[in-house]
Amino acid sequence: MRLSAFALSTTKETPADAEIVSHQLMLRAGMIRKLGAGLYTWTPLGIRVLRKVESIVREEMDAAGALEVLMPAVQPAELWQQSGRWEAMGDLMLRMTDRAERQYCFGPTHEEVITDYAKRDISSYKQLPVNFYQIQTKFRDEIRPRFGLMRAREFIMKDAYSFHMDEADLDREYQVMRAAYARILDRIGLDYRIVAADSGAIGGAKSEEFHVLAHSGEDELAVAENGAYAANIEAATTRASDTPRPAPGGELRKVDTPGVATIADLCAALELPAEATAKAIVVMGEDDKPVLLVLRGDHSLNEIKAEGIDGIATPLQFADESTIREHFGAGPGSLGPVNVNLRVIADYGVQNAADMAVGANYDGAHFVNFNWGRDAVEPEFADLRNVVAGDPSPDGSPLSILRGIEVGHVFQLGDKYSRALELSVLDENGKSITPQMGCYGFGVSRIVAAAIEQCFDNAGICWPTAIAPFELVIIPIKADKSAAVREACDKLYAECRQLGIDVALDDRGLRPGPMFADAELIGIPHRVVVSDRGIEAGTLEYKGRRDSENSEIEYSVEALRQKLGR
RNA sequence: CGGAGUAUAGCUCAGCUUGGUAGAGCGCCACCUUCGGGAGGUGGAGGUCGUAGGUUCAAAUCCUGCUACUCCGACCA
């Protein structure tokens, strides 16, 4: 591509409404332009990156035996009413009405449509297993779109849906897709982790997420040192420590703590570390009676774990202040497990602790030296909190916490949709069965942003070569003055193209500084400079995007080809 | 939806407190000089100051409503 005809539009200044690096750099490099909240135009530069990601995804899906289809973005309401999700999706779904007042949505996902398609075309076990995928625009009316492409409302996703005769075959295909996703990320060249995910309301089904590691990631991942365990913090489990509970030290004692409402206040007032305190959280049970949850002061409640406990209302509902006062006689901030006639569930983190500071259920007072068994009956113990670095994983290896950007999710759906939409096939005995389904999502547009979050420096983006908008840029020096430079550039450009190198020639006629700055900002992995000096000396000046210095190579397309590692 | 903030030229912002004739830098166009790391000069184009109303002789500026966008929380590829 000749950049003079490429509508490149870069800026030095960072747009005011971009908060994270990928968003800032994509705007500065001119890859995307905002139309509205969560809505972006892909420019000629941006779409080159997007298309490269798509190609890799498509190749790997094809190689894994999945079949490409393309489903409508606009979907009739009836289908969603059948699956029960017309209501369940709520405001996430963009709804619309046609001229005859029929209702539609802009598809946020395609389980319903694919199942409807399968229903029309699949009727025999001989047609299974099968896996259909598409690369397509989705719209989700996110409560809060943000961070540019990271959480856009309209975005491009590769979604695949597989159909199976039984769970064993679903599991087989799940592993195939899992491996395909790993290959995609390996080929793109990003550092990632596969983690166990919360399987949500469809309990029991297996689900894993693929996260690109980045400091700006929205998700926390708990990864065991020995590599045997990795989970999204939402789903990461831990266990009680192996250290036995020490014997009680002092007697339970009530201390005045006027004005203390938080663990931080309490620590300051009593000069204790947060680990020596316990906090109390009151949630509602399914029977509408409050349940007291007790956690170590420095730990945080994991709401998914809490609502997963039998007897606790789903979705999790925190008790309001009047309910708390009615049952405890004190407000939040002074609550504890002493003299409580309600169900008490304590986290493993306080199971083997002694002499804790806890609320006294009396405004402005706390107990010190609280001990289970002695000062309150032994409660139920459960895994209630978000794990923290250093916690033991289920097999004992210590966990560390990483941050990641979710770019893929593989999921065993079971028969939720096939049953709801009445998909059935005949088995070899002529008996009707409901197929098992799997679904596999991959955020094509999101991974472009995720790649930048992982690969950038002060000058701009440092693309992995596999998804760079161009592999190589040729920069002429004083092309307007030197016919030799112009001819050399044209020749080198043509030769590179013949070799299949994805090359850009910066023939915009700019001064060198802006050309260098643009090449670095848009992240082209390889750069050569063509000048009279070099032509006379028989050398090309080469610089890799991450190199700190230039290097001289022989003036030949062959030497350049080797430098590019082709 | 709850909380916080912003809205003036294509972009980044000043002007608003104390009402009085629209500003800078970058970018864009033309010409000249420059030309190996975001050059300099001269001239130029470009804004109904988000929007609707109100107060006033007079509103970018004060008041009210609305809208859009950004950030913090629950949601997700």
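Refer to the structure above for everything that follows.
Residues numbered from 1 in each chain as written. Chains lettered and ligands numbered in written order. Predicted model: local features only at pLDDT ≥ 70, side-chain atom pairs only at ≥ 80, totals over all residues. Heavy atoms only, no water.

Q: Quick question: what am I supposed to make of the environment of G336 here?
A: Mapped onto the secondary structure, G336 falls in the loop between α9 (321-328) and β16 (343-347). A residue is classified by how much of its surface remains accessible, and G336, at 1% relative accessible area, is buried. When the C-alpha positions of G336 and A360 are compared, they lie 5.6 Å apart, and in sequence the two are 24 residues distant. (Helix = DSSP H or I, 4+ residues; strand = E, 2+ residues; numbered from the N terminus. Buried < 20%, exposed > 50% of the residue type's maximum accessible area, 1.4 Å probe, protein only.)

Q: Quick question: what am I supposed to make of the sheet that holds strand β28 (residues 526-530) here?
A: Strand pairs in the sheet, formed through backbone hydrogen bonds, run parallel or antiparallel to each other. The strand order β27-β26-β28-β29-β30 describes an open sheet built from five strands, whose pairing is mixed. Every interior strand has two partners, whereas the edge strands, β27 (503-505) and β30 (551-554), have only one. On average, each strand axis in the sheet is inclined to that of its neighbour by 30°, with strand direction left out of account. The strands that helix α13 (residues 512-521) touches are β26 (472-476), β28 and β29 (539-544); relative to β26, the one it contacts most, it runs at about 175°. (Pairing = 2+ DSSP bridges. Axes fitted to C-alpha atoms, helices over the stretch in contact; angles between N-to-C directions. Contact = heavy atoms within 4.5 Å.)

Q: What am I meant to see in the protein's contact with RNA strand B here?
A: Within the structure, RNA strand B sits among 46 residues, and I143, R144, E520, S531 and E541 are positioned closest to it. Sugar and phosphate atoms constitute 44% of the interface atoms of RNA strand B, taking the interface as everything within 4 Å of the protein. A distance of 2.6 Å separates a base oxygen of RNA strand B from a polar side-chain atom of E142. Between RNA strand B and R151 there is a distance of 3.0 Å, counted from a base nitrogen to a side-chain nitrogen or oxygen. For the surface near RNA strand B, the elements supplying multiple residues, two or more each, are β8 (154-164), β20 (399-414), β23 (436-443), α13 and β28. If one sorts the elements of the surface near RNA strand B by residue count, α13 sits on top with seven residues. (Near = heavy atom within 4 Å. Polar contact = N/O pair within 3.5 Å; in protein donor to acceptor, adjacent residues only side chain to side chain.)

Q: So what exactly am I meant to see when it comes to the pairing of strand β14 (residues 278-284) here?
A: In the case of a regular strand, side chains alternate between the two sheet surfaces. For β14, the tally of buried residues reaches five of seven residues, placing the bulk of the element in the interior. For β14 and strand β15 (residues 290-296), the ladder comprises seven bridges, and the chain directions are antiparallel. Within β15, the position partnered with V282 by the bridge is L292. Between β14 and β15, which pair antiparallel one after the other, the connecting turn spans five residues, and D288 there sits at a positive phi close to 70°.

Q: Teacher, can you tell me more about unusual backbone geometry here?
A: Look at the link from L128 to P129: it is a cis peptide, with omega at 0°. By secondary structure assignment, the location of P129 is in the loop between α5 (111-121) and β7 (130-139).

Q: Explain helix α7 (residues 263-270) to me, please; I cannot follow it from the model alone.
A: Listing the buried residues of α7 in full gives I263, L266 and C267. Along the axis of α7, the buried positions cluster into a sector of 100°, meaning they face one direction only. In α7, the exposed residues that point more than 90 degrees away from the buried face are A264 and A268. One or two positions beyond α7, positive phi appears at E271, with a value near 55°. (Arc of directions from axis to C-beta.)

Q: What am I meant to see in the pattern of salt bridges here?
A: Where charged atoms from two side chains of opposite charge come close, those side chains can pair. On inspection of all chains with the given rule, the structure shows 43 salt bridges. Two residues, K34 and D17, come together in a salt bridge whose shortest N-O distance is 2.8 Å. With a gap of 17 residues between them, K34 in strand β1 (residues 32-36) and D17 in the segment before α1 (21-28) connect regions that are remote in the sequence. You can call D17 partly exposed: its relative accessible area is 45%. We note a salt bridge from R508 to D518, for which the minimum N-O separation is 2.9 Å. Taken together, the residues R508 in the loop between β27 and α13 and D518 in helix α13 connect sequence positions 10 residues apart. Judged by relative accessible area, D518 falls into the buried class, the value being 10%. (Salt bridge = Lys/Arg side-chain N within 4 Å of Asp/Glu carboxyl O.)

Q: What's the story with empty space enclosed by the protein in this structure? I'm lost.
A: One simple way to see leftover space: roll a probe sized like a water molecule over the atoms. With the rule as written, the count across this model stands at two cavities of 30 Å³ or more. Taken together, F516, A519, E520, I524, R527, K543, G544 and R545 make up the lining of the largest cavity. Mapped by element, the contributors of at least two residues to the lining of the largest cavity are α13 and β29. A class-by-class count of the residues in the lining of the largest cavity yields three nonpolar, one polar and four charged. For the second largest cavity, the calculated volume is near 30 Å³. (1 Å grid on protein atoms, 1.4 Å probe; cavity = no way out; pocket = protein on both sides within 12 Å on 5 of 7 lines; lining within 4 Å. Points joined across faces, edges and corners; volume = space filled by probe spheres on them. Nonpolar A, V, L, I, M, F, W, Y, C, P; charged D, E, K, R; others polar.)

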